[in-house]
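Inside the fold
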Amino acid sequence: MKRTFDTGNAAITEAAIRAGCNLFAGYPITPATEIAENMSRRLPQVGGYYLQAEDENAALHICNGGSIGGLKAMTATSGPGFILFADAFGWAVSSEVPVVIVNSQRVGPVSGITGAPGQGEFYLSRYLTHGGNFETIVLAPSSVQEAYRLTVRAFYLAERFRTPVIVLADQMVTDGWETLELPETDAEFLAMGLEVVPRRIHPGPEFYPATDDIDVPPVVLGHNTGAACSDWTPTDRGHDTEDITWQHKHAWRLIHKILNHRDLIDEADQWYLDDDPEVILVAYGTPSRVVQNAVNAARRDGLSVGGIRPISLWPFQDHLFKRRAIYLVVELNWDGQLVREVQRAAADGSQVHFWGRCGELPTSAELLEDITTLLKHEPLARDGWRTEKW
Amino acid sequence: MSDLLEKYVRPEKNPGTACKGCGLRLAHRKVLEAIDELGLAQGDVVWGTGIGCSGRQTFVTWKGDTFAGTHGRVYAMATGLRLALPPEKRLILTVGDGDAFTIGFLHLLNAARRNVDMTVVVFDNLGYQSTGGQYGVTTPLGSKTDSSPYGAWEPNWTQGGFDVLRILKESGATFLARHTVLQGHEPVESLKKAIQNRGFSVVQLIYPCVTHYGVQALGTRDLAKIYDWFRERTADDLSADANTHFTTGITHDASGSRVEFAAGLRQFVASVQKGVGNGETD
Ligand SMILES: Cc1ncc(C[n+]2csc(CCOP(=O)(O)OP(=O)(O)O)c2C)c(N)n1
Ligand code: SF4
Ligand SMILES: [Mg+2]
């Protein structure tokens, strides 16, 4: 194991290279630019291609094009670029093309604040395109080391599920410096629970079966298999059709290939839930680090508190919230996004509260104050503009 | 001709669904003729399409490998795909004038800048036709369409001194030609050169949309009258007045004069790997 001290950007780059990424197309944007820069240095060393696209829409389309040629492709961006992926993301979802997308969330909306962390794309990452009729896989690292692991994992899932996988990070994860352990041997890589699925080639010309099967090799053009690949509603031969029955089969496959294999996707940390704590804090990404500290501190004080950190965000893990409890959802935004899903999923009789801010993390002390208030069953003190209404 | 279709077109897609009398079938056929005359087999070509009548009618017609992109983005996709394909594979895209020259123009220009090896055949029906007939950047000024009931007024890129192919030339394209489908074999000859160019080629191939342009702009459903109008407007060279004619011919042939993008990138990567470091390509 090579022990280094590095950024999330470097971790993501090394992970991508280790996962076999051989195409990166991107467009510079803070705080994801260093990923592009690192890839521009690393990819040629391993025989891969780095391209600077004319915009993010092109970046993901270039990745999609490379992927249908058999390359393993990745792009990285932040909010203003992420929104431009909508078109290409939809194409990859519907055409069932593996590709990895990293979003280092900053403060929005729109240009917002460039160099500070936000969590404004929780829902956008679920619905990064129009039209519905699909499920999305989204993974959220909370540390440099985890950014490495989840990026490798994203490539792995993208190949097996034939779909884009999003790594939803934030500025602190990607810019932050931490200890990073890089596996040097295959054994070390495997010991980290990581695996690489090489690109396999769909035999064609038949399209994917109308089943929830994963591990069906993706369509790869250039091998004269008569493969057809498009965003149109496909028949069993991949031909475009306006027939609603085929559309139904297609949508069913897009949805259920993911929902029926959630055991491969679902991941979460759960802290102190065995004794059914009264208050449960919930967070993903960097804020979950503070949440974990606060929960540990509260426990040391003997308080009935636990914590949940979803690592895979989508499909949403409703099952994590089946305990009746007082939930406090901590997010780097003012409008409350994750909290809405927790509210929907929480067991009957639960209370769901929101702690929001963006640009900077909450402090452990601030969270402890809210925990104490909630345990006393008193209303949370809120300054006028930190709303609990969503 | 049916031999050609049998040879290259998937039976499920023959005949296509273009309107009766539409010039699109002629346009499609010109591309197949060029492929045939070059002696290319099904496995030698990867075929991509855009959105619109042109895209939809030609998508998955090709018996070999084929793909379709969203509106205007197929040039960016083809840029990525080109990096993965063996250099000898021909990459042909059949797209609409709107797809290439408006919504996808940024990507088209950048594919030209990079000189990515692909042949973009723009099936130009003088506007947005599959959405019912609205004017675009190749619609002749004054044309009545459903979105220009008083006549098309916005400046376009084919008249008034502009030529969209000249913009592409300045952007780095290495082969450019314009024809109409009424020109017999000439477009086929240009298409052959375009396909043979190991670089970025665009062939603008103008054809009659009988259902919308014919009815809205030319005021007739009579196929003979519509085709006559196109025939009369077709000039056999580039010197005619572009305000009143479709000037035709090869507007730029610099085939082989620039490093092709994928080849250049491969060479660059190899030089980095060899430790040369500066990665200069000659
Ligand atoms: C992003 C997007 N915008 C608009 C459309 C609607 N649309 C479908 S076909 C078409 C016309 C395209 O014109 P052109 O490329 O010239 O093709 P034609 O139908 O004329 O062959 C449009 C605007 C779309 N499919 N996608
Ligand atoms: S609408 Fe016009 S261009 Fe489209 S298929 Fe019909 S005639 Fe051809
Ligand atoms: Mg058109």
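Residues numbered from 1 in each chain as written. Chains lettered and ligands numbered in written order. Predicted model: local features only at pLDDT ≥ 70, side-chain atom pairs only at ≥ 80, totals over all residues. Heavy atoms only, no water.

1. Side note on the overall build of chain B
The condition is simple: Numbering of helices and strands runs from the N terminus, with a helix taken as a DSSP run of H or I at least four residues long and a strand as a DSSP run of E at least two residues long. In this treatment the radius of gyration is a C-alpha quantity, and the globule benchmark scales as 2.2 Å times the residue count to the 0.38 power. In this scheme, a residue with accessible area under 20% of its type's maximum is buried, one over 50% is exposed, and one in between is partly exposed, where area comes from a 1.4 Å probe on protein chains only. Two residues form a contact once any of their heavy atoms are found within 4.5 Å. A 1.4 Å probe and the Shrake-Rupley method give the accessible areas. Residues count as covered only by the protein chains that appear here. Note on charges: Lys and Arg go in the positive column, Asp and Glu in the negative column, and His and the chain ends are not counted at all. By convention, the charge on Lys lies at NZ, on Arg at CZ, on Asp at CG and on Glu at CD.
Across its full length, chain B carries 11 helices and 9 strands. Against the compact-globule benchmark of 19 Å for 282 residues, chain B has a radius of gyration of 19 Å, which places it among compact chains. Based on the C-alpha atoms only, the size of chain B along its principal axes is roughly 65 × 45 × 30 Å. Counting only residues that meet the buried cut, chain B has 59% of its 282 residues in that class. Restricting the contact set of chain B to residue pairs at least 6 apart, pairs at least 24 apart contribute 68%. Of the accessible surface of chain B, which amounts to about 10,700 Å², a share of 53% is contributed by carbon and sulfur atoms. For chain B, the distance from the average site of its 29 positive side-chain charges to the average site of its 29 negative ones is 4 Å.

2. Considerations on the pattern of salt bridges
Put simply, the test is: Basic side-chain nitrogens of Lys or Arg form a salt bridge, by our definition, when they fall within 4 Å of a carboxyl oxygen of Asp or Glu.
By the definition in use, this model includes 35 salt bridges over all chains. Between R114 of chain B and E54 of chain A there is a salt bridge, with the nearest N and O atoms lying 3.2 Å from each other. Taken together, the positions of R114 of chain B in helix α6 (residues 105–114) and E54 of chain A in the loop between β3 (49–52) and α3 (56–68) put the pair across two chains. According to the relative accessible area criterion, E54 of chain A is buried, its value standing at 13%. One network of salt bridges, in which partners are shared, links E146, R149, E267, D269 and R309 of chain A.

3. Remarks on the coordination of the magnesium ion (ligand 3)
Six octahedral donors around a metal ideally sit at 90 or 180 degrees from one another, while four tetrahedral donors ideally sit at 109.5 degrees. Residue and element names in this part refer to chain B. Operational definition: Listed donor atoms are N, O and S within 2.8 Å of the metal (Na, K and Ca: 3.2 Å). As water is not included, a site may look incomplete.
Taken together, the protein ligands of the magnesium ion (ligand 3) are D97 (OD), N125 (OD1) and G127 (O), with distances of 2.0 to 2.2 Å. For the magnesium ion (ligand 3), the single-chain donor residues occur in sequence as D-x27-N-x1-G. Residue D97 is found in helix α5 (residues 97–103), and its partner G127 is found in the loop between β4 (118–124) and α7 (164–171); the two are separated by 30 residues along the sequence. Grouping residues by exposure puts D97 and G127 together as buried.

4. Focus on the domain arrangement of chain A
Residue and element names in this part refer to chain A. Test applied: Residue ranges for the domains originate in an automatic or database domain assignment. What counts as buried area is the accessible surface, traced by a 1.4 Å probe, that two parts surrender upon association, with contributions from both included. Polarity classes work like this: nonpolar for Ala, Val, Leu, Ile, Met, Phe, Trp, Tyr, Cys and Pro, charged for Asp, Glu, Lys and Arg, and polar for all others, with Gly in that last group.
According to the domain assignment, chain A contains domain 1 (2–191) and domain 2 (269–375). Of note, the centres of domain 1 and domain 2, computed from C-alpha atoms alone, are 27 Å apart. Of the residues lining the interface, 29 residues belong to domain 1; the matching set on domain 2 comes to 24 residues. Carbon and sulfur atoms supply 55% of the area that domain 1 and domain 2 bury against each other, a total of about 2,100 Å² over both sides. Our count for the domain 1 to domain 2 interface comes out at 2 salt bridges. A salt bridge links R289 to E178; the nearest nitrogen and oxygen atoms lie 2.3 Å apart. Of all the elements in the fold, those that place two or more residues in the side of domain 1 that touches domain 2 are β5 (99–107), β6 (113–117), α6 (122–126), β7 (137–139), α7 (144–161), β8 (164–170) and α8 (171–175). Ranked by the residues each element gives to the side of domain 1 that touches domain 2, the list is headed by α6, at 4 residues. Tallied by class, the residues present in the side of domain 1 that touches domain 2 amount to 14 nonpolar, 8 polar and 7 charged.

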